[in-house]
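Below are the chains, spelled out letter by letter.
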Amino acid sequence: MIATAKSVLRKAQKGRYSVGAFNIYNIETLHAVIKAAEHLKSPVIIQTSESAITYAGLETISELMHISARAAKVPVVIHLDHGRNISLIKQAIKAEYTSVMIDASHYNFEKNISLTQDIVKSARSKNISVEAELGIIGGKEDDLSGTSWCTDPKQAVEFVKRTGIDSLAIAIGTSHGAYKTKGISLRLDILKEIRKHVSIPLVLHGASLVQKKDITKARNTGITLGKAQGIPKDQIKKAIRLGICKINVDTDLRLAFSTALREHTQHHPESINPRDALSYAEEATQKSVEEHLKLFGSEGKA
Ligand code: G3H
Ligand code: 13P
Ligand code: ZN
(Lines give C-alpha, C1' and ligand atoms only; values in the text may rest on other atoms or scores of the structure.)
(Ligands and ions follow the chains in the order given, each with its own letter.)
Protein backbone atom coordinates (compact mmCIF):
# COMPACT_ATOMS: atom_id res chain seq x y z
CA MET A 1 0.00 0.00 0.00
CA ILE A 2 1.14 3.54 -0.70
CA ALA A 3 2.12 5.45 2.45
CA THR A 4 3.34 8.92 3.39
CA ALA A 5 6.71 9.31 5.02
CA LYS A 6 5.09 11.20 7.86
CA SER A 7 2.96 8.24 8.98
CA VAL A 8 5.68 5.62 8.56
CA LEU A 9 8.41 7.67 10.25
CA ARG A 10 6.32 8.82 13.20
CA LYS A 11 5.52 5.17 13.89
CA ALA A 12 9.20 4.27 13.66
CA GLN A 13 10.10 7.10 16.01
CA LYS A 14 7.65 5.85 18.61
CA GLY A 15 8.75 2.24 18.13
CA ARG A 16 12.48 3.14 18.23
CA TYR A 17 13.45 1.55 14.92
CA SER A 18 14.44 2.94 11.55
CA VAL A 19 12.82 2.70 8.13
CA GLY A 20 15.17 1.85 5.26
CA ALA A 21 15.13 4.18 2.26
CA PHE A 22 16.62 2.47 -0.77
CA ASN A 23 17.55 4.02 -4.11
CA ILE A 24 15.98 2.36 -7.14
CA TYR A 25 16.38 3.08 -10.86
CA ASN A 26 14.93 0.13 -12.78
CA ILE A 27 12.42 -2.71 -12.48
CA GLU A 28 14.91 -5.08 -10.87
CA THR A 29 15.95 -2.75 -8.03
CA LEU A 30 12.34 -1.69 -7.48
CA HIS A 31 11.14 -5.29 -7.24
CA ALA A 32 14.10 -6.27 -5.04
CA VAL A 33 13.25 -3.63 -2.44
CA ILE A 34 9.52 -4.34 -2.38
CA LYS A 35 9.99 -8.13 -2.27
CA ALA A 36 12.43 -7.76 0.64
CA ALA A 37 10.01 -5.55 2.57
CA GLU A 38 7.12 -7.94 1.95
CA HIS A 39 9.23 -10.94 2.92
CA LEU A 40 10.12 -9.33 6.26
CA LYS A 41 6.78 -7.59 6.76
CA SER A 42 8.53 -4.27 6.99
CA PRO A 43 7.57 -0.75 5.96
CA VAL A 44 9.94 0.64 3.33
CA ILE A 45 10.84 3.76 1.37
CA ILE A 46 11.66 3.56 -2.32
CA GLN A 47 13.51 6.61 -3.55
CA THR A 48 14.78 8.00 -6.82
CA SER A 49 17.62 10.47 -7.11
CA GLU A 50 17.51 13.19 -9.75
CA SER A 51 19.99 11.24 -11.85
CA ALA A 52 17.90 8.07 -11.55
CA ILE A 53 14.97 10.11 -12.89
CA THR A 54 17.11 11.36 -15.77
CA TYR A 55 18.07 7.74 -16.45
CA ALA A 56 14.59 6.21 -16.30
CA GLY A 57 12.27 9.14 -17.05
CA LEU A 58 10.03 10.69 -14.39
CA GLU A 59 6.70 9.44 -15.73
CA THR A 60 7.99 5.92 -16.31
CA ILE A 61 9.71 5.45 -12.97
CA SER A 62 6.91 7.18 -11.08
CA GLU A 63 4.25 4.96 -12.67
CA LEU A 64 6.31 1.85 -11.95
CA MET A 65 6.74 2.86 -8.32
CA HIS A 66 3.06 3.68 -7.89
CA ILE A 67 1.91 0.39 -9.44
CA SER A 68 4.31 -1.66 -7.29
CA ALA A 69 3.62 0.29 -4.09
CA ARG A 70 -0.15 0.07 -4.55
CA ALA A 71 0.08 -3.71 -4.95
CA ALA A 72 2.51 -4.20 -2.06
CA LYS A 73 1.33 -5.87 1.14
CA VAL A 74 3.38 -3.46 3.26
CA PRO A 75 3.46 0.37 3.53
CA VAL A 76 5.66 1.81 0.77
CA VAL A 77 6.68 5.48 0.64
CA ILE A 78 7.51 6.95 -2.78
CA HIS A 79 10.27 9.48 -2.17
CA LEU A 80 12.42 11.91 -4.14
CA ASP A 81 16.01 11.75 -2.87
CA HIS A 82 18.23 14.87 -2.84
CA GLY A 83 15.97 17.18 -4.80
CA ARG A 84 18.12 20.14 -5.82
CA ASN A 85 16.26 21.18 -8.93
CA ILE A 86 13.17 23.07 -7.69
CA SER A 87 11.25 22.46 -10.91
CA LEU A 88 11.92 18.69 -10.68
CA ILE A 89 10.76 18.63 -7.05
CA LYS A 90 7.52 20.28 -8.12
CA GLN A 91 7.15 17.75 -10.94
CA ALA A 92 7.59 14.95 -8.40
CA ILE A 93 4.88 16.53 -6.24
CA LYS A 94 2.62 16.68 -9.29
CA ALA A 95 3.44 13.05 -10.08
CA GLU A 96 2.14 12.19 -6.59
CA TYR A 97 5.34 11.11 -4.91
CA THR A 98 4.28 10.83 -1.26
CA SER A 99 7.47 12.40 0.01
CA VAL A 100 10.13 14.73 -1.38
CA MET A 101 13.53 15.85 -0.19
CA ILE A 102 14.62 19.41 -0.86
CA ASP A 103 18.39 19.46 -0.57
CA ALA A 104 19.44 23.09 -0.43
CA SER A 105 22.15 22.29 2.10
CA HIS A 106 24.85 23.64 -0.22
CA TYR A 107 23.37 27.16 0.06
CA ASN A 108 23.73 29.45 3.05
CA PHE A 109 21.37 29.03 6.01
CA GLU A 110 18.86 31.70 4.97
CA LYS A 111 18.64 30.51 1.35
CA ASN A 112 18.30 26.91 2.53
CA ILE A 113 15.37 28.04 4.70
CA SER A 114 13.60 30.04 1.98
CA LEU A 115 13.92 27.33 -0.70
CA THR A 116 12.72 24.72 1.81
CA GLN A 117 9.76 26.89 2.87
CA ASP A 118 8.70 27.16 -0.77
CA ILE A 119 8.65 23.37 -1.19
CA VAL A 120 6.82 22.86 2.12
CA LYS A 121 4.15 25.24 0.83
CA SER A 122 3.73 23.29 -2.43
CA ALA A 123 3.71 19.89 -0.71
CA ARG A 124 1.44 20.70 2.21
CA SER A 125 -1.82 21.00 0.31
CA LYS A 126 -1.25 17.55 -1.20
CA ASN A 127 -0.32 15.89 2.09
CA ILE A 128 3.18 15.14 0.81
CA SER A 129 5.97 14.88 3.39
CA VAL A 130 9.07 17.05 3.09
CA GLU A 131 12.61 16.14 4.15
CA ALA A 132 15.35 18.78 4.13
CA GLU A 133 19.06 18.75 4.91
CA LEU A 134 21.19 20.87 7.17
CA GLY A 135 24.95 20.50 7.25
CA ILE A 136 26.87 18.82 4.47
CA ILE A 137 27.01 15.09 3.99
CA GLY A 138 30.30 14.59 2.21
CA GLY A 139 31.55 12.07 -0.28
CA LYS A 140 32.07 11.85 -3.96
CA GLU A 141 29.30 10.34 -5.94
CA ASP A 142 28.27 11.70 -9.31
CA ASP A 143 27.30 15.31 -8.77
CA LEU A 144 27.13 15.03 -4.97
CA SER A 145 30.49 16.09 -3.63
CA GLY A 146 31.90 18.32 -0.94
CA THR A 147 33.42 18.58 2.47
CA SER A 148 31.61 17.08 5.41
CA TRP A 149 30.21 19.70 7.78
CA CYS A 150 28.34 18.52 10.83
CA THR A 151 24.90 19.91 11.53
CA ASP A 152 24.82 22.66 14.14
CA PRO A 153 22.20 21.64 16.76
CA LYS A 154 21.17 25.25 17.43
CA GLN A 155 20.66 25.92 13.73
CA ALA A 156 18.70 22.67 13.47
CA VAL A 157 16.14 23.92 16.00
CA GLU A 158 15.65 27.21 14.14
CA PHE A 159 15.59 25.48 10.74
CA VAL A 160 12.86 23.05 11.74
CA LYS A 161 10.79 25.77 13.37
CA ARG A 162 10.97 28.18 10.45
CA THR A 163 10.49 25.66 7.62
CA GLY A 164 7.83 23.34 9.03
CA ILE A 165 9.49 20.28 7.46
CA ASP A 166 8.47 16.73 8.39
CA SER A 167 11.95 15.22 8.74
CA LEU A 168 15.53 16.46 8.90
CA ALA A 169 18.63 14.91 7.32
CA ILE A 170 21.63 15.62 9.51
CA ALA A 171 25.36 15.46 8.90
CA ILE A 172 27.19 13.54 11.64
CA GLY A 173 30.14 12.11 9.73
CA THR A 174 28.62 9.80 7.15
CA SER A 175 29.29 10.35 3.46
CA HIS A 176 27.92 9.07 0.18
CA GLY A 177 29.58 6.32 -1.80
CA ALA A 178 31.96 3.43 -1.09
CA TYR A 179 34.84 5.42 0.40
CA LYS A 180 33.74 6.74 3.74
CA THR A 181 36.42 8.33 5.86
CA LYS A 182 34.76 9.64 9.01
CA GLY A 183 31.96 7.09 9.35
CA ILE A 184 33.98 4.74 11.55
CA SER A 185 33.13 6.95 14.48
CA LEU A 186 30.00 9.00 13.94
CA ARG A 187 29.41 12.23 15.88
CA LEU A 188 26.76 10.62 18.06
CA ASP A 189 27.18 13.44 20.55
CA ILE A 190 25.83 15.86 17.94
CA LEU A 191 22.96 13.50 17.13
CA LYS A 192 22.13 13.33 20.84
CA GLU A 193 22.13 17.11 21.14
CA ILE A 194 19.89 17.54 18.06
CA ARG A 195 17.48 14.86 19.28
CA LYS A 196 17.19 16.66 22.62
CA HIS A 197 15.81 19.79 20.97
CA VAL A 198 14.26 18.61 17.68
CA SER A 199 11.21 16.39 17.83
CA ILE A 200 10.65 15.53 14.13
CA PRO A 201 12.13 12.32 12.62
CA LEU A 202 15.87 12.50 11.90
CA VAL A 203 17.42 11.00 8.78
CA LEU A 204 20.84 9.40 8.24
CA HIS A 205 22.27 9.56 4.69
CA GLY A 206 25.38 7.87 3.41
CA ALA A 207 24.75 4.87 5.64
CA SER A 208 25.98 2.00 3.46
CA LEU A 209 27.91 -0.65 5.36
CA VAL A 210 30.33 -1.58 2.53
CA GLN A 211 31.15 -4.76 4.44
CA LYS A 212 34.39 -6.70 4.01
CA LYS A 213 32.50 -9.82 2.84
CA ASP A 214 30.87 -7.80 0.06
CA ILE A 215 34.11 -6.09 -0.92
CA THR A 216 35.82 -9.49 -1.19
CA LYS A 217 32.99 -10.90 -3.29
CA ALA A 218 33.11 -7.88 -5.58
CA ARG A 219 36.90 -8.08 -5.93
CA ASN A 220 36.62 -11.78 -6.83
CA THR A 221 34.61 -10.77 -9.88
CA GLY A 222 37.22 -8.24 -10.91
CA ILE A 223 35.63 -5.09 -9.52
CA THR A 224 38.36 -2.68 -8.39
CA LEU A 225 37.36 -1.00 -5.17
CA GLY A 226 40.42 0.77 -3.82
CA LYS A 227 40.19 1.50 -0.10
CA ALA A 228 36.44 1.02 0.19
CA GLN A 229 34.93 1.25 3.65
CA GLY A 230 31.49 1.88 5.10
CA ILE A 231 29.74 2.48 8.40
CA PRO A 232 30.16 -0.26 11.03
CA LYS A 233 26.91 -1.96 12.03
CA ASP A 234 27.27 -1.01 15.69
CA GLN A 235 27.42 2.69 14.77
CA ILE A 236 24.15 2.32 12.86
CA LYS A 237 22.54 0.57 15.83
CA LYS A 238 23.68 3.33 18.19
CA ALA A 239 22.36 6.01 15.82
CA ILE A 240 18.96 4.29 15.76
CA ARG A 241 18.93 4.10 19.54
CA LEU A 242 19.66 7.82 19.67
CA GLY A 243 16.74 8.70 17.43
CA ILE A 244 17.54 8.19 13.73
CA CYS A 245 14.37 6.84 12.09
CA LYS A 246 15.10 6.91 8.33
CA ILE A 247 18.28 5.45 6.88
CA ASN A 248 19.36 5.94 3.25
CA VAL A 249 21.18 3.18 1.42
CA ASP A 250 22.29 3.14 -2.20
CA THR A 251 25.93 2.03 -2.46
CA ASP A 252 25.40 -1.37 -0.77
CA LEU A 253 22.68 -2.21 -3.28
CA ARG A 254 24.84 -1.08 -6.21
CA LEU A 255 27.63 -3.28 -4.91
CA ALA A 256 25.33 -6.30 -4.59
CA PHE A 257 23.78 -5.73 -8.01
CA SER A 258 27.08 -5.16 -9.86
CA THR A 259 28.81 -8.11 -8.20
CA ALA A 260 25.94 -10.47 -9.01
CA LEU A 261 25.77 -9.31 -12.63
CA ARG A 262 29.45 -10.07 -13.06
CA GLU A 263 29.25 -13.39 -11.22
CA HIS A 264 26.43 -14.48 -13.46
CA THR A 265 28.00 -13.44 -16.73
CA GLN A 266 31.30 -15.05 -15.73
CA HIS A 267 29.67 -18.34 -14.72
CA HIS A 268 27.27 -18.45 -17.66
CA PRO A 269 29.17 -17.36 -20.74
CA GLU A 270 26.62 -19.25 -22.82
CA SER A 271 23.68 -17.10 -21.70
CA ILE A 272 22.39 -14.58 -24.21
CA ASN A 273 19.22 -13.88 -22.25
CA PRO A 274 19.90 -10.72 -20.21
CA ARG A 275 16.99 -11.58 -17.93
CA ASP A 276 19.01 -14.46 -16.46
CA ALA A 277 21.74 -12.19 -15.13
CA LEU A 278 19.28 -9.44 -14.20
CA SER A 279 17.12 -11.82 -12.13
CA TYR A 280 20.22 -13.06 -10.35
CA ALA A 281 21.24 -9.46 -9.62
CA GLU A 282 17.73 -8.71 -8.36
CA GLU A 283 17.93 -11.63 -5.91
CA ALA A 284 21.30 -10.42 -4.62
CA THR A 285 19.87 -6.92 -4.18
CA GLN A 286 16.86 -8.31 -2.31
CA LYS A 287 19.20 -10.16 0.07
CA SER A 288 21.11 -6.96 0.76
CA VAL A 289 17.89 -5.02 1.43
CA GLU A 290 16.75 -7.75 3.84
CA GLU A 291 20.04 -7.58 5.73
CA HIS A 292 19.56 -3.83 6.15
CA LEU A 293 15.91 -4.06 7.21
CA LYS A 294 16.88 -6.54 9.93
CA LEU A 295 19.66 -4.27 11.14
CA PHE A 296 17.29 -1.29 11.21
CA GLY A 297 14.81 -3.20 13.38
CA SER A 298 11.85 -2.72 11.05
CA GLU A 299 11.17 -6.43 10.46
CA GLY A 300 7.56 -7.26 11.40
CA LYS A 301 6.61 -3.58 11.82
CA ALA A 302 4.40 -3.28 8.72
O1 G3H B 1 22.66 10.09 -2.21
C2 G3H B 1 22.93 9.89 -3.35
C3 G3H B 1 22.56 8.70 -4.08
O4 G3H B 1 23.48 7.69 -3.90
C5 G3H B 1 22.28 9.07 -5.51
O6 G3H B 1 23.22 8.70 -6.44
O7 G3H B 1 22.71 10.41 -8.23
O8 G3H B 1 24.06 8.36 -8.73
O9 G3H B 1 21.62 8.17 -8.30
P10 G3H B 1 22.90 8.93 -8.00
P1 13P C 1 25.27 5.48 0.49
O2 13P C 1 26.09 5.98 -0.65
O3 13P C 1 26.09 5.33 1.72
O4 13P C 1 24.52 4.26 0.14
O5 13P C 1 24.18 6.62 0.82
C6 13P C 1 23.02 6.75 0.02
C7 13P C 1 22.25 7.97 0.31
O8 13P C 1 22.45 8.68 1.27
C9 13P C 1 21.19 8.31 -0.66
O10 13P C 1 20.58 9.53 -0.36
ZN1 ZN D 1 21.92 10.96 0.53
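Notes on the structure follow. Not measured: the values here are computed from a predicted model. (Residues numbered from 1 in each chain as written. Chains lettered and ligands numbered in written order. Predicted model: local features only at pLDDT ≥ 70, side-chain atom pairs only at ≥ 80, totals over all residues. Heavy atoms only, no water.)

1. A word on the overall build of the protein chain
Alright, step 1. Secondary structure assignment for the protein chain yields 12 helices and 11 strands.
Alright, step 2. On C-alpha atoms alone, the protein chain measures out to a radius of gyration of 18 Å, which is about the 19 Å that the 2.2 N^0.38 rule sets for 302 residues.
Alright, step 3. Relative to its 302 residues, the protein chain shows a buried fraction of 57%.
Alright, step 4. Pairs at least 24 residues apart make up 78% of the contacts formed inside the protein chain by residues separated by at least 6 positions.
Alright, step 5. Accessible surface, the protein chain as shown: approximately 13,600 Å² in total, 53% of it carbon and sulfur. (Helix = DSSP H or I, 4+ residues; strand = E, 2+ residues; numbered from the N terminus. Rg over C-alpha atoms; globule rule 2.2 N^0.38 Å. Buried < 20%, exposed > 50% of the residue type's maximum accessible area, 1.4 Å probe, protein only. Contact = heavy atoms within 4.5 Å. Areas by Shrake-Rupley, 256 points an atom, 1.4 Å probe, with all protein chains shown as cover.)

2. Side note on the site of ligand 2
Alright, step 1. Lining the immediate surroundings of ligand 2 are 16 residues, of which D81, K180, S208, D250 and T251 lie closest.
Alright, step 2. Separating an oxygen atom of ligand 2 from a side-chain N or O atom of D81 is a distance of 2.7 Å.
Alright, step 3. Separating an oxygen atom of ligand 2 from a side-chain N or O atom of T251 is a distance of 2.6 Å.
Alright, step 4. Surface burial for ligand 2 is 98%, taken as the share of its 310 Å² of free accessible area covered by protein chains.
Alright, step 5. Class assignment of the residues belonging to the shell around ligand 2 gives a composition of 2 nonpolar, 10 polar and 4 charged. (Near = heavy atom within 4 Å. Polar contact = N/O pair within 3.5 Å; in protein donor to acceptor, adjacent residues only side chain to side chain. Nonpolar A, V, L, I, M, F, W, Y, C, P; charged D, E, K, R; others polar.)

3. Considering the coordination of the zinc ion (ligand 3)
Alright, step 1. Coordination of the zinc ion (ligand 3) by the protein is provided by H82 (NE2), H176 (NE2) and H205 (ND1), with metal-donor distances spanning 2.0 to 2.1 Å.
Alright, step 2. Spacing between the donor residues of the zinc ion (ligand 3) along their common chain follows H-x93-H-x28-H. Of this pair, H176 sits in strand β9 (residues 175–176) while H205 sits in the loop between β10 (202–204) and α9 (212–220), placing them 29 residues apart in sequence. The exposure classification of H176 matches that of H205, with both residues buried. (Donors = N, O, S within 2.8 Å, 3.2 Å for Na, K, Ca; no water.)

4. A look at the pairing of strand β11 (residues 244–249)
Alright, step 1. In terms of burial, β11 is largely enclosed, as 6 of its 6 residues are buried.
Alright, step 2. Relative to β11, strand β2 (residues 19–23) runs parallel, the two sharing 4 bridges. Paired with G20 across the bridge in β11 is I247.
Alright, step 3. Inspection of the sheet shows β10 paired to β11 by 3 bridges, in the parallel sense. Looking across to β11, one finds that L204 is bridged to I247. (Pairing = 2+ DSSP bridges.)

5. Considering the nonpolar core
Alright, step 1. By size, the foremost hydrophobic cluster in this structure holds 68 residues, and its most contacted members are Y97, V100, L168 and I236.
Alright, step 2. Looking at this core element by element, the count peaks at 6 residues for helix α6 (residues 109–124).
Alright, step 3. Those residues in contact with I236, other than ones at most four positions away along the chain, are L204, A207, L209, I231, I247, L295 and F296.
Alright, step 4. In terms of nonpolar packing, the next biggest core, distinct from the first, is built from 11 residues, A3, V8, Y17 and V77 among them. (Core = buried A, V, L, I, M, F, W, Y, C linked by side-chain atoms within 4.5 Å.)

6. Examining helix α5 (residues 86–94)
Alright, step 1. Here α5 has its buried residues at L88, I89, A92 and I93. Down the axis of α5, the sector holding all buried residues measures 145 degrees, keeping them to one side.
Alright, step 2. Two or three places before S87, at the opening of α5, N85 has a side-chain oxygen 2.9 Å from that residue's backbone nitrogen.
Alright, step 3. Backbone geometry just after α5 places E96 at a positive phi near 65 degrees. (Arc of directions from axis to C-beta.)

7. Looking at the packing of helix α2 (residues 27–39) against helix α4 (residues 58–71)
Alright, step 1. Where α2 meets α4, the closest approach of the two axes is 11 Å, and the angle between their N-to-C directions is 20 degrees. Taken as axis vectors, α2 and α4 run roughly parallel relative to one another. Judged by the twist between their axes, the crossing of α2 over α4 is right-handed. Along the contact surface, α2 presents I27, L30, H31, I34 and E38, while α4 presents L64, M65, S68, A69 and A71.
Alright, step 2. By residue class, the composition of the contact of α2 with α4 is 7 nonpolar, 2 polar and 1 charged. (Axes fitted to C-alpha atoms, helices over the stretch in contact; angles between N-to-C directions. Parallel < 35°, antiparallel > 145°, perpendicular 65-115°, else oblique. Left-handed = near helix turned anticlockwise from the far one by under 90°.)

8. Here we look at the pairing of strand β3 (residues 44–48)
Alright, step 1. The buried count for β3 comes to 5 of 5 residues, which makes it a mostly enclosed element.
Alright, step 2. A two-sided burial pattern is seen for β3, the buried positions comprising V44, I46 and T48 on one face and I45 and Q47 on the other.
Alright, step 3. Summarising the sheet, β2 and β3 pair through 3 bridges and their orientation is parallel. Residue pairing for β3: F22 is matched across the bridge by I46.
Alright, step 4. You can see the chain leave β2, run along α2 and come back into β3, and the turn it takes is right-handed.
Alright, step 5. Alignment of β3 against strand β4 (residues 76–83), held across 5 bridges, turns out to be parallel. Residue I46 lies in a different strand from β4, and its bridge partner there is I78. (Right-handed = clockwise from strand over helix to strand, strands pointing away.)

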